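# Working through the structure, step by step
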Amino acid sequence: MAEPPRSREQRIADTMHHLEHDVDAWLATTDSQRPWLVPLSFIWHDGRLVFATDESSRTIRNAKIASRVRIALGATRDVVLIDGDAAVAPSSDMSDAEVDAYRRKNGSDPRGWADSILRVSPQRVQAWREENELRGRTLMRDGVWLSTPPGEMA
């Protein structure tokens, strides 16, 4: 039997935990012919997800064509889906704070092995565990949280 649905505030808190602690995410991009889905490590920094990879990757090539991406975190019974706008930049453009955060979370400086980064600004965030949480699953709309995430000012 499913547990009672979580409040929006609890779902946001759980989503923030995924963003701050999950190491990898599924990142989906597309071009004019087909979607592309890959697992990549990321950090959550200044309200954006930051991924590192090579400019020659299909992920970066697709993001240059269509900047809207979809990201999945968690398991199928505790999923977070994020639709966002991606901006591609050279990895040398990473701020010291981004590099430090990436190093702390993932154990490496991506500038040593990746030549590009993808910064994703969330536009819509949804989270649910079971069917009883489908109602109210949207936590962010048009880049605005529907409630204030823990630790942030309203």
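Below is a summary of the structure that appears in this document. Every chain's residues receive numbers from 1 upward, in the order its sequence appears when written. Local features are withheld for residues below a pLDDT of 70 in this predicted model, meaning they are given only at 70 or higher, and side-chain atom pairs are given and counted only at 80 or more; totals for whole chains, interfaces and linings count all residues. Side-chain numbers come from the whole structure's heavy atoms, not from hydrogens or water.

## Comments concerning the pairing of strand β3 (residues 48-53)
Per-residue accessibility, obtained with a 1.4 Å probe over protein chains only, is compared with the maximum for each type, and a residue is labelled buried under 20%, exposed over 50%, and partly exposed between these values. Helix numbering and strand numbering both begin at the N terminus, where a helix is a DSSP run of H or I of at least 4 residues and a strand a DSSP run of E of at least 2. Burial analysis of β3 places 5 of its 6 residues in the buried class, which makes it a mostly covered element. For two strands to be treated as a pair, DSSP must find at least two bridges joining them. Sheet analysis places strand β2 (residues 35-45) next to β3, joined by 4 bridges and oriented antiparallel. Bridge pairing in β3 links W44 to L49. Linking β2 back to β3 in an antiparallel pair, the connection comprises 2 residues, with D46 at a positive phi of about 50°.

## Here's the deal with the packing of aromatic side chains
When two rings of Phe, Tyr or Trp (its six-membered ring) have centres within 6.5 Å they constitute a pair, described as stacked for plane angles under 30 degrees, edge-to-face for angles over 60, and tilted for the intermediate range. Taken as a whole, this structure holds 2 aromatic pairs when the rule is applied. Ring plane angle 40° and centroid distance 5.9 Å describe the contact between F42 and F51, whose orientation is recorded as tilted. Both residues of the pair, F42 and F51, belong to the buried class. Measuring from ring centre to ring centre gives 6.3 Å for Y102 and W113, while their planes differ by 55°; the resulting arrangement is tilted. Separated by 11 residues along the polypeptide, Y102 in helix α3 (residues 96-106) and W113 in the loop between α3 and β6 (116-128) bring together distant segments of the chain. In this structure W113 comes out as partly exposed when scored by relative accessible area, which is 43%. Between the NZ or CZ atom of K105 and the centre of the ring of F42, over which it lies, the distance is 3.8 Å. Only when the NZ atom of a Lys or the CZ atom of an Arg is both within 6 Å of the ring centre and within 35 degrees of the ring normal do we say a charge sits over the ring.

## A few points about the environment of P35
Examined against the element boundaries, P35 turns out to sit in strand β2. The spacing of P35 and R58 is 23 residues in sequence and 10.0 Å in space, taken between C-alpha atoms. The residues contacting P35, other than those within four sequence positions of it, are T29 and T30. Note on definitions: a residue-residue contact is assigned when non-hydrogen atoms from the two residues lie within 4.5 Å.

## Points about the side chain of D14
Along the polypeptide, D14 turns up in helix α1 (residues 8-21). According to the relative accessible area criterion, D14 is buried, its value standing at 17%. Excluding its chain neighbours within four sequence positions, the residues that come into contact with D14 are R6 and R129.

## Details of α1
Expected span of a helix, by definition, is 1.5 Å for each gap between consecutive residues, and there is one gap fewer than residues. When the terminal C-alpha atoms of α1 are compared, their 20 Å separation across 14 residues agrees well with the 20 Å that a helix rising 1.5 Å per residue should span. Turning to α1, its buried residues number three or more, namely R11, I12, D14, T15, M16, H18 and L19.

## As for the nonpolar core
Residues grouped as a nonpolar core are buried Ala, Val, Leu, Ile, Met, Phe, Trp, Tyr and Cys residues, joined through side-chain atoms within 4.5 Å. Core analysis: the largest hydrophobic core is formed by 26 residues, its most contacted members being L49, F51, I71, L73, I82, L118 and V120. Non-local contacts of L118, meaning those with residues more than four positions away in its chain, are made with L27, L49, V50, F51, T59, I60, A63, A86, A87 and V88. A52, A89, V99 and Y102 belong to the second-largest nonpolar core, a separate cluster that totals 10 residues.

## Quick look at helix α2 (residues 58-65)
Among all positions in α2, only T59, I60, N62 and A63 are buried. Angular distribution of buried residues about the axis of α2 spans 165°; they occupy a single face of the element. On its buried side, α2 packs onto β1 (24-30), β2, β3, β5 (78-90) and β6. To be clear, the arc concerns the directions from the helix axis to the C-beta atoms.

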